[in-house]
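# Structure assessment
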Amino acid sequence: MIKPEQQNTHLTELTMDTLYHLGLDTAMDLKGIFGDTKYVCMSGSAERVEDFAHQCNTELGLGIADADIVPIGKTERYSLYKIGPIIAVSHGMGMPSIQILLHELTKALMYAGCEQVAYIRIGTSGGIDLAPGTVAITTQSINGKLQAEFVQDVLGHTRTWPTEFDPELAQQLYDARENLPAAMGKTLSTNDFYEEEGHLDGALAPGYTKEDVHTFTETLRDMGVINIEMESLAFAAFCLRAGIPAGMVSATLTDRFQGDQIDFSKQELMTFSRNAQQLVINFLRTKIV
Ligand code: URA
């Protein structure tokens, strides 16, 4: 599950490992629950992963009774569903939240004896020169300084990790688009929705103008950036470091050249999210028999 040089030998000192935020521990039958997992699909919201779990069950013909699609573990922070060889789990908003999930879930799969598991994040984002509802597939994430690295401050020291996504998986996801609007390119991943993404509709005077935002968005477009969100940088870095193939798709909810407000109806937003979910289901259909 994790490449040898990144395996944490300190874990062998624990008599029991409590995966606190997931409400799981190693006294449970993790192999029985998770042992056959092949894909982990994660989204920010608990509502969206529940919807995705049901969509997978129906469209992939997994034959699970609806009443049996229930969260595993606790739901205070994350909601996790298992449908056949697929885990659908919410990760909350932002990099700290997804990182906690990645550590605990990866340990759960490691304790379950899983070997070949791919992770796919199905998110939402602000698009750049893309019609809302387009599914953006990320090849590489860049940070707010426009560098392709995830920076961590650990014990007073700074370390940096590369942030590429698995190129083969990215291409396979793109190839699964069928008639869905889709684009492939880089993603800007920030630590804040309002100011670090350059929104003009936060509570405080942002200290930049509409023209500044336009110029910045043009710079991003010229670098091959197609969207902006808040998790892919940490997600790519974790998976690359662990040796887990990772893919990143997200529905765009705005075109940042046109503005910031996400003022579509609930139904329209559901359609946009469903585009990203559908693309991943198209991909999974080619993998799961
Ligand atoms: N998510 C983001 O991070 N930014 C957007 O503009 C939309 C969704």
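Reading guide: rules and limits
- Residues numbered from 1 in each chain as written.
- Predicted model: local features only at pLDDT ≥ 70, side-chain atom pairs only at ≥ 80, totals over all residues.
- Heavy atoms only, no water.
- Salt bridge = Lys/Arg side-chain N within 4 Å of Asp/Glu carboxyl O.
- Helix = DSSP H or I, 4+ residues; strand = E, 2+ residues; numbered from the N terminus.
- Buried < 20%, exposed > 50% of the residue type's maximum accessible area, 1.4 Å probe, protein only.
- Pairing = 2+ DSSP bridges.
- Contact = heavy atoms within 4.5 Å.
- Near = heavy atom within 4 Å.
- Polar contact = N/O pair within 3.5 Å; in protein donor to acceptor, adjacent residues only side chain to side chain.
- Areas by Shrake-Rupley, 256 points an atom, 1.4 Å probe, with all protein chains shown as cover.
- Phe/Tyr/Trp six-rings, centres within 6.5 Å; stacked < 30°, edge-to-face > 60°.
- Lys NZ or Arg CZ within 6 Å of the ring centre and 35° of its normal.
- Expected span 1.5 Å × (residues − 1).

Per the stated rule, a full pass over the model turns up 11 salt bridges. Here Glu47 ties to Lys266 by a salt bridge, and the two come within 3.6 Å at their closest N and O atoms. Of this pair, Glu47 sits in helix 2 (residues 46-59) while Lys266 is found in helix 7 (residues 266-287), placing the two residues 219 residues apart along the sequence. For the pair formed by Glu47 and Lys266, the shared burial category is exposed. For Asp51, the salt bridge identified is with Arg274, shortest N-O distance 2.6 Å. Within this pair, whereas Asp51 is found in helix 2, its partner Arg274 is found in helix 7, the two being separated by 223 residues in sequence. A residue is classified by how much of its surface remains accessible, and Arg274, at 34% relative accessible area, is partly exposed. The network of salt bridges with common partners includes Arg121, Glu229 and Glu231.

Pairing between strand 8 (residues 149-154) and strand 9 (residues 157-162): six bridges, direction antiparallel. Its bridge partner being in strand 9, Val154 is matched across the sheet by His157. Following strand 8, the chain reverses through two residues before pairing antiparallel with strand 9; Leu155 in that reversal takes a positive phi of roughly 50°.

Attention now goes to the environment of Val135. Position of Val135 among the secondary structure elements: in strand 7 (residues 135-142). The spacing of Val135 and Gln277 is 142 residues in sequence and 9.3 Å in space, taken between C-alpha atoms. Setting aside residues no more than four positions away along its own chain, Val135 makes contact with Pro181, Ala182, Ala183, Val249, Ser250, Asn275, Ala276 and Leu279.

Take the site of the ligand next. Close to the ligand lie Thr124, Ser125, Gly126, Phe193, Glu197, His199, Ile228, Glu229, Met230, Thr254 and Ile262, which account for all nearby residues. Taking Gly126, its main chain carries an N or O atom lying 3.5 Å from an oxygen atom of the ligand. One nitrogen or oxygen atom from the side chain of Glu197 is found 2.6 Å from an oxygen atom belonging to the ligand. For the ligand, the protein covers 93% of the area, taking 240 Å² as the surface of the free molecule. Those elements that place two or more of their residues in the shell around the ligand are strand 6 (118-127) and strand 11 (225-229).

Further remarks concern the packing of aromatic side chains. In the structure shown here, the tally under the stated rule is four aromatic pairs. When the centroid spacing of 5.8 Å and the interplanar angle of 90° are considered together, the rings of Tyr39 and Phe283 count as edge-to-face. A residue pair is termed long-range when its members are at least 10 positions apart, and Tyr39 in strand 3 (residues 39-43) and Phe283 in helix 7 qualify at 244 residues. Exposure class is identical for Tyr39 and Phe283. Each is buried. Note on Phe264 and Phe272: the rings are 5.0 Å apart at their centroids and 80° apart in plane angle, and the pair reads as edge-to-face. Residue Phe264 is classed as partly exposed on the basis of its relative accessible area of 28%. The residue whose ring lies beneath Lys74 is Tyr20, and the NZ or CZ to ring-centre distance is 4.0 Å. Between the NZ or CZ atom of Arg177 and the centre of the ring of Tyr174, over which it lies, the distance is 4.0 Å.

Further remarks concern helix 5 (residues 210-222). Helix length check: helix 5 (13 residues) gives 18 Å between terminal C-alpha atoms against 18 Å at 1.5 Å per residue, within 8%. Considering only its buried residues, helix 5 is in contact with strand 7, strand 10 (182-189) and strand 11. Two residues or fewer after helix 5 comes Gly224, characterised by a positive phi angle close to 90°.

Along the chain, Glu229 turns up in strand 11. We classify Glu229 as buried; its relative accessible area is 2%. Here Ser189 takes part through its side chain, which lies 2.9 Å from a polar atom of the side chain of Glu229. Dropping the residues within four chain positions of it, Glu229 is found in contact with Arg121, Thr124, Ser125, Thr187, Leu188, Ser189, Thr190, Glu197 and Met248.

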